[in-house]
Structures are given as C-alpha cells and as structure tokens.
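Listed below, chain by chain, are the residues.
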Amino acid sequence: MNIVLCDSAAQATRLSATLIYREVAARPLVVLGLATGGTMDPLYQELVSLHRACPIRWSDMRCFNLDEYVGLAVDHPMSYGYFMRHKVFDPLGVREVQAHLLRGDAPDPQEECRRYEDAIAAAGGIDLQLLGIGENGHIGFNEPGSSLDSRTRIVHLNPDTLTANRRFFPPGVCQPESAITLGIQTILDCRQIVMLAIGEKKASAVAAMAEGPLSAMCPASALQMHPATTVVLDTSAAQRLRLKDRYRRAGPADLHSA
Ligand code: PGA
C-alpha cells in the first residue's frame, strides 16, 4: 500500500483526479471502476476541469460503478447511476454503452450480481478502481464482517452507514437499507486501486486499514494484500497513522507534483 500524504483536502482531491486523468490520457481503452459519495463529488469536478483545460479522449474507455442501492432505478435522483450520469458521464461525453451501472431495480437482484461479474470479466477486468472509505472501514458497501473473498452481492447496510448517508436523502424520500456492491475479492482483482480519504471522520478507519490487522471487521484492510494500491490522504484523514513520518519521507515526489 502506497500512502501519499497531502497538505490539504484540495491537494489530495486534485492529485487523485490527476491520477485518473493521466491513466485515461495514457490508455484510452482503460477499464475504470468508479465510486460515488461525498468525497468523490469534488474529485469528479476536478476531473471535469482537467478535461476542459486539456481535453482527452473518453470515447473508448469503459467503466463500472462500484455499488448501488437496491430498489433505485438508474434515473432515480438518489441513485448512484443518476449521480454518475449528471456529474461525470454527461460532462465528459461518456456514452451509455461505455458506462456499466448496477441496476438497483433489477427484477432478480441475484441475477444482476452475476450479470455484473460476467460483464467485468468480459471487459477483461478493471484496470483502475477508484475507492472511498466509510467511517466504519467499508469499501464499496462491504460492511464490517464481509468475507474477504466476497464477490458482487446484495448486502444489508449497517446502521452507521445509513446514518452517514442519510444526508443525501431529502426529507420524505425513503432511504434503501440494502445495496448491491462489488465484493472485496472483486475489488482485489482490480489491477490498480486509488483510494481518496478526506477529513478526521475517516482517520480511525484509515489507520485500521493501513496499520491494523487484516480483518473482516475492517474490510478496507484487505487492501494490504493488493499489490498496487495508492491511498491519498489529507492531513486530517492521516492524523491517526502511527507511521506518518515514514510515509512522508517515502512519498513519491512525482505524485506530489501532479
Ligand atoms: P463519502 O463515502 O465519500 O460520502 O464519505 C465514502 C464511502 O462510504 O465509501
């Protein structure tokens, strides 16, 4: 796990967006895994800005979303499909045929999980997966207690996750209590991973992920076994790391100059 400490949230966000942008610029046929959530919102704004300042070709890449609420169709305003379409795909000119979304309203959710795993395999696997981390250490919606060898499946969301995400649901809009998520093993199969974590609310989960034991109780700790994971942190998210000084000394200079 390559840990990159940044001086500010803005710098960490810009660096993460730059890593995605550079990958697409260098390899137009890349297969991306894309995440949603509050941390990703400014990252995608940065990505769109980078593209507008110096356009690159998005028409040949393909992408897969990380998770989706069960019951929400892709055009539901609270769905992750809707988030992606409006904040990422439309501004970058990514067409529907390129963007694989989990269908939260699929009539047979189990079949939808199998279909998604098959589609990832048919695309040749995911080259670069973007991840956030939950305050409870989840990645995607793989909650504490998830099997480290899990694949795309339906999960019941933990109360702390429901509370953390309630802010995205306006009063009167029902928040689903289950979701479809790429599994931990599906994530570990991705060739490269970039995680962005911002703010002190993430500090305990980040420390458990990077310096704690490999444990189902912190699903993100599974990334310790992944050969090419870069974790980008602002100062607040990094505050509970015991080896901060070491990461700072070892930090790759070229990443910081991105
Ligand atoms: P957040 O979610 O960016 O909204 O904090 C991250 C996550 O739960 O993975």
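Preceding this section is the structure that the text describes.
Residues numbered from 1 in each chain as written. Predicted model: local features only at pLDDT ≥ 70, side-chain atom pairs only at ≥ 80, totals over all residues. Heavy atoms only, no water.

1. Side note on the pattern of salt bridges
Basically, it comes down to this: Throughout this description, the term salt bridge denotes a Lys or Arg side-chain nitrogen within 4 Å of a carboxyl oxygen of Asp or Glu. Helix numbers and strand numbers start at the N terminus; a helix is a DSSP run of H or I with at least 4 residues, a strand a run of E with at least 2.
By the definition in use, this model includes 11 salt bridges. Note that Arg151 and Glu117 form a salt bridge whose closest N and O atoms lie 3.0 Å from each other. One end of the pair, Arg151, is in the loop between β6 (128-131) and β7 (153-156); the other, Glu117, is in helix α4 (residues 109-122), with 34 residues separating them in the sequence. A salt bridge links Asp127 to Arg191, with the shortest nitrogen-to-oxygen separation between them at 2.8 Å. Here Asp127 is found in the loop between α4 and β6, whereas its partner Arg191 is found in the loop between α6 (184-188) and β9 (192-197), with 64 residues between them in sequence. Taken together, the salt bridges that share partners define one network made up of Glu23, Arg27, Asp127 and Arg191.

2. Considering the site of the ligand
Where we set the bar: Only a single heavy atom is needed: when it lies within 4 Å of a molecule or strand, its residue is near that molecule or strand. Side-chain atoms alone can form a polar contact between residues adjacent in sequence; in general such a contact is a pair of N or O atoms within 3.5 Å, and within protein one must be able to donate a hydrogen while the other accepts it. All accessible-area figures derive from a Shrake-Rupley calculation using a 1.4 Å probe, and residue coverage is judged against the displayed protein chains alone. We call Asp, Glu, Lys and Arg charged. Ala, Val, Leu, Ile, Met, Phe, Trp, Tyr, Cys and Pro are nonpolar, and the rest, Gly among them, are polar.
Lining the immediate environment of the ligand, one finds Gly37, Gly38, Thr39, Gly132, Ile133, Gly134, His138, Arg167, Phe168 and Lys202. Separating an oxygen atom of the ligand from a backbone N or O atom of Gly38 is a distance of 2.8 Å. Coverage of the ligand by the protein amounts to 84% of the 280 Å² it exposes when considered alone. The residue makeup of the shell around the ligand, split by class, is 2 nonpolar, 6 polar and 2 charged.

3. A short note on the sheet that holds β9
The cut-off we apply is this: Between any two strands, at least two bridges found by DSSP are needed for them to pair.
Strand order in the open sheet made by the 7 strands is β1-β10-β9-β6-β2-β3-β5, with parallel pairing throughout. Lying at the two open borders of the sheet, with one neighbouring strand each, are β1 (2-5) and β5 (99-100). Of the pairings in the sheet, the one linking β1 to strand β10 (residues 229-233) comprises 4 bridges and is parallel in character. By the bridge assignment for β10, Leu5 is matched with Leu233.

4. Regarding the environment of Arg52
Position of Arg52 relative to the elements: it lies in helix α2 (residues 40-53). Sequence spacing of Arg52 and Leu92 is 40 residues, and the spatial spacing of their C-alpha atoms is 8.7 Å.

5. Considerations on the packing of aromatic side chains
Cut-off, in case you're wondering: A pair of Phe, Tyr and Trp rings is counted when the ring centres sit within 6.5 Å of each other, with Trp represented by its six-membered ring. The angle between the planes then sorts it: under 30 degrees is stacked, over 60 is edge-to-face, the rest tilted. Here's how the labels work: a residue is buried when its accessible area is under 20% of the maximum for its type, exposed when over 50%, partly exposed in between, all with a 1.4 Å probe on protein chains only.
A full pass over the atoms with the stated rule returns 6 aromatic pairs. Note on Phe64 and Tyr116: the rings are 5.6 Å apart at their centroids and 80 degrees apart in plane angle, and the pair reads as edge-to-face. A residue pair is termed long-range when its members are at least 10 positions apart, and Phe64 in strand β3 (residues 62-65) and Tyr116 in helix α4 qualify at 52 residues. Each member of the pair, Phe64 as well as Tyr116, carries the same accessibility label: buried. Ring geometry for Tyr80 versus Phe141: centroids 6.1 Å apart, planes at 25 degrees, classification stacked. Of this pair, Tyr80 sits in helix α3 (residues 80-92) while Phe141 is found in the loop between β6 and β7, placing the two residues 61 residues apart along the sequence. Each member of the aromatic cluster is reached from another via a ring pair, and the members are Tyr69, Tyr80, Phe141 and Phe169.

6. Quick word on the environment of Leu157
Where we set the bar: Whether two residues are in contact is decided by their heavy atoms, any of which lying within 4.5 Å being enough.
Along the chain, Leu157 turns up in the loop between β7 and α5 (159-165). Placed 13 residues apart in sequence, Leu157 and Pro144 show a C-alpha to C-alpha distance of 9.9 Å. Beyond its immediate stretch of four places on either side in the chain, Leu157 contacts Tyr69, Phe141, Glu143, Leu162, Pro176, Glu177, Ser178 and Ala179.

7. Observations concerning the pairing of strand β8 (residues 178-181)
Burial of the side chains of β8 extends over both faces: Ser178 and Ile180 are buried on one face and Ala179 and Thr181 on the other. Of the strand pairs in this sheet, β7 and β8 are connected by 4 bridges, and their pairing is antiparallel. From the neighbouring strand, His156 faces β8, where its bridge partner is Ser178.

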